[in-house]
Every structure is written in structure tokens, then in C-alpha cells.
Amino acid sequence: EDQVTQSPEALRLQEGESSSLNCSYTVSGLRGLFWYRQDPGKGPEFLFTLYSAGEEKEKERLKATLTKKESFLHITAPKPEDSATYLCAVLFMDSNYQLIWGAGTKLIIKP
Amino acid sequence: EAQVTQNPRYLITVTGKKLTVTCSQNMNHEYMSWYRQDPGLGLRQIYYSMNVEVTDKGDVPEGYKVSRKEKRNFPLILESPSPNQTSLYFCASSDQSGGNQPQHFGDGTRLSIL
């Protein structure tokens, strides 16, 4: 069964303390992997799409990377405004355009 | 401003009383979708639509109906709501083929079925 697992469930960091979030997947074939950010009371907001192993995307303090079995969202020198839940979603080859979503990582950055 | 608008944002109702959650997008997107979000679980797709008059079941369609009579609107209908449909619901839209394109989400509708 195709699955997407995110870890950790929650992460507390001090402002400026860099870290990484993980999204691992068991797939029959990856078509694309998406990262979204979700703030309380809001819908998910698109961050990145990755399509193949070795690909990297960057945006401000965030960098997403992809291997054959997992993706990392690296957060460098985070600020309190980076606090949010980060969601990963995977599109599989045989999925008929349906995404499989991870449960998310809740990130809290303390000033 | 490009947006997906859901109404209502919050609703408390009782078992069996039919309700409709509206969703409208102003981006001329072909693909629209409904999800539910429950604690500890990822977003689960209820129904999706590739274009007007074209809808299909997602992972958890039981107890829900949808229609797509116009490109911009994609209402979610609960004909006889039950407590296990208490959840946070999101509507999303995207260009072209949907799954392979970034989705734009509404701000959610929190439903409580008593």
C-alpha cells in the first residue's frame, strides 16, 4: 500500500536553530512530491514541487530535497514566523491524479 | 485576488439534517477537490472534479455528494450527516491536470455534527 509518513510529529526549536523535517514514502512510482505550509485556521499553502531524486528547491530559509525514498525540508536559521504545520504530499504513477498526504509536522520556533 | 472561498467557515448541526458547503474559485481552474482533515491523519480526498460535469470519488466518498455544474463552483453535500463526519473540510483547485499542479486551498469549514 502506498504510504506517506512525516517525522517528527512536532518539533520545537529556538530561533536560529537549524533543523530538518522528514517525509518518507513507499511507492510504486513517484510522479511528484509536494511540500505545503499550513497556518492555524488556514488552508495549506504551496511551497515546492520535486519530481526526481537529487532535485532541490529553495525559498528563503527553506530548502527541499528528494531521494528515492524520502524528502527533507531543511530550515536554516528559522524565525518565529516560520512556525506552522508542514505537510508533504505524494503523487504516485498509478494514482489517477490523487495525492497521498502525510499527517504533517508541527514546527514551533521560540524567540 | 486569486482565491478559493468556502462557506460557511463554521457549522454546528444535528444528525440527519441535510447541509451544503459551498466552494468557489476565481482562477478559472479546471480541477477542484474536497478534502477532510482529522487530527493525526493526513488530508483525505473525498471527491474531485477534472472539469464541468466530470466528478469522481476520492478515498472517503461515503456519505457525501458533489456536483460541478459551473467551472467556478464545487459544492459538497451531506444528505444525512452523521457524527463521524465531524471534521475540518477543505476545498482546493488547480490548473489543468490537478494532481501534478500545485493546489490552492480555501480556509476550511469546520463542521460539527451532534
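See the structure shown above.
Fair warning: this is a prediction, and the values are worked out from it, not measured in the lab.

Colleague: Break down the side chain of S71 of chain A for me, with residues and values.
Modeller: Residues and elements named next belong to chain A. Its place among the elements puts S71 in strand β8 (residues 70-75). The exposure class of S71 is buried, given its relative accessible area of 0%. Excluding residues within four positions of it along the chain, S71 makes contact with L21, N22, C23, Y25, L33, W35, L50, T65 and L66.

Colleague: Would you mind going over the interface of chain B and chain A in detail, with residue names and values included?
Modeller: In this complex, chain B contributes 25 residues to the contact, which on the side of chain A involves 20 residues. Summing both partners gives a buried area of about 1,700 Å² for chain B against chain A, and 52% of it is carried by carbon and sulfur. On the surface where chain B and chain A come into contact, there are one salt bridge. Here K42 of chain A and D107 of chain B are joined by a salt bridge, their closest N and O atoms 3.7 Å apart. Scanning the region where chain B abuts chain A turns up four residue pairs in polar contact (both at pLDDT 80 or more). Broken down by secondary-structure element, the contributors of at least two residues to the side of chain B that touches chain A are β4 (31-37), β5 (44-51) and β6 (54-57) of chain B. Grouping the constituent residues of the side of chain B that touches chain A by class yields nine nonpolar, 11 polar and five charged.

Colleague: Tell me what's going on with the nonpolar core, and back it up with residues and numbers.
Modeller: Core analysis: the biggest nonpolar cluster contains 24 residues, and L33, W35, L73, Y86 and V90 of chain A have the highest contact counts within it. Counting residues per element, the ones that place at least two in this core are β2 (10-14), β3 (19-26), β4 (30-38), β5 (45-50), β7 (62-66), β8, β9 (84-92) and β11 (105-110) of chain A. Looking at this core element by element, the count peaks at five residues for β9 of chain A. Other than its neighbours up to four places away in sequence, V90 of chain A contacts V4, Y25, V27, L30, G32, L33, Q98, L99 and I100 of chain A. By size, the runner-up hydrophobic cluster in this structure holds 19 residues, among which are L19, I46, L78 and Y89 of chain B.

Colleague: Can you break down the sheet that holds strand β1 (residues 4-7) of chain B residue by residue, with the values?
Modeller: Residues and elements named next belong to chain B. Sheet architecture is open: four strands sit in the order β1-β3-β8-β7, paired in antiparallel fashion. Strands with a single pairing partner mark the edges of an open sheet, and in this sheet they are β1 and β7 (65-66). Where β7 and strand β8 (residues 76-78) come together, two bridges link them in antiparallel fashion. Bridge assignment links V66 to a residue of β8, and that residue is L76.

Colleague: So, the packing of aromatic side chains: which residues are in play, and what are the values?
Modeller: Tallying each qualifying case throughout the model produces nine aromatic pairs over all chains. Taken together, a centroid distance of 5.7 Å and an interplanar angle of 85° make the contact between Y36 of chain A and F105 of chain B edge-to-face. Residue Y36 of chain A is located in strand β4, and its partner F105 of chain B is located in strand β10 (residues 104-105); the two belong to separate chains. Overall, the relative accessible area of 10% leaves F105 of chain B in the buried class.

Colleague: Summarise the pattern of salt bridges; cite the residues concerned and give the values.
Modeller: Counted according to the given criterion, the structure contains eight salt bridges over all chains. Across the pair D82 of chain A and R61 of chain A runs a salt bridge whose closest N-O atoms are separated by 2.7 Å. Taken together, the residues span a long stretch of sequence, with D82 of chain A in the loop between β8 and β9 and R61 of chain A in the loop between β6 (56-59) and β7 at a distance of 21 residues. With a shortest N-O distance of 2.9 Å, D38 of chain B and R36 of chain B are connected by a salt bridge. Accessibility expressed as a relative area gives 12% for D38 of chain B, which makes it buried. Where salt bridges share partners, they join R36, D38 and R44 of chain B into one cluster.

Colleague: Explain the sheet that holds β8 of chain A to me, using residue names and the numbers behind them.
Modeller: All names here are of chain A. Taken in spatial order, the five strands make up an open sheet running β1-β3-β8-β7-β6, and their pairing is antiparallel. Of all the strands in the sheet, the pair left with one neighbour each is β1 (3-7) and β6. Sheet twist, expressed as the mean angle between neighbouring strand axes with direction ignored, is 15°. Here six bridges tie β3 to β8, and the two strands are oriented antiparallel to one another.

What counts, and where the lines are drawn
- Residues numbered from 1 in each chain as written.
- Chains lettered and ligands numbered in written order.
- Predicted model: local features only at pLDDT ≥ 70, side-chain atom pairs only at ≥ 80, totals over all residues.
- Heavy atoms only, no water.
- Helix = DSSP H or I, 4+ residues; strand = E, 2+ residues; numbered from the N terminus.
- Buried < 20%, exposed > 50% of the residue type's maximum accessible area, 1.4 Å probe, protein only.
- Contact = heavy atoms within 4.5 Å.
- Buried area = accessible area lost by both parts, 1.4 Å probe.
- Salt bridge = Lys/Arg side-chain N within 4 Å of Asp/Glu carboxyl O.
- Polar contact = N/O pair within 3.5 Å; in protein donor to acceptor, adjacent residues only side chain to side chain.
- Nonpolar A, V, L, I, M, F, W, Y, C, P; charged D, E, K, R; others polar.
- Core = buried A, V, L, I, M, F, W, Y, C linked by side-chain atoms within 4.5 Å.
- Pairing = 2+ DSSP bridges.
- Phe/Tyr/Trp six-rings, centres within 6.5 Å; stacked < 30°, edge-to-face > 60°.
- Axes fitted to C-alpha atoms, helices over the stretch in contact; angles between N-to-C directions.

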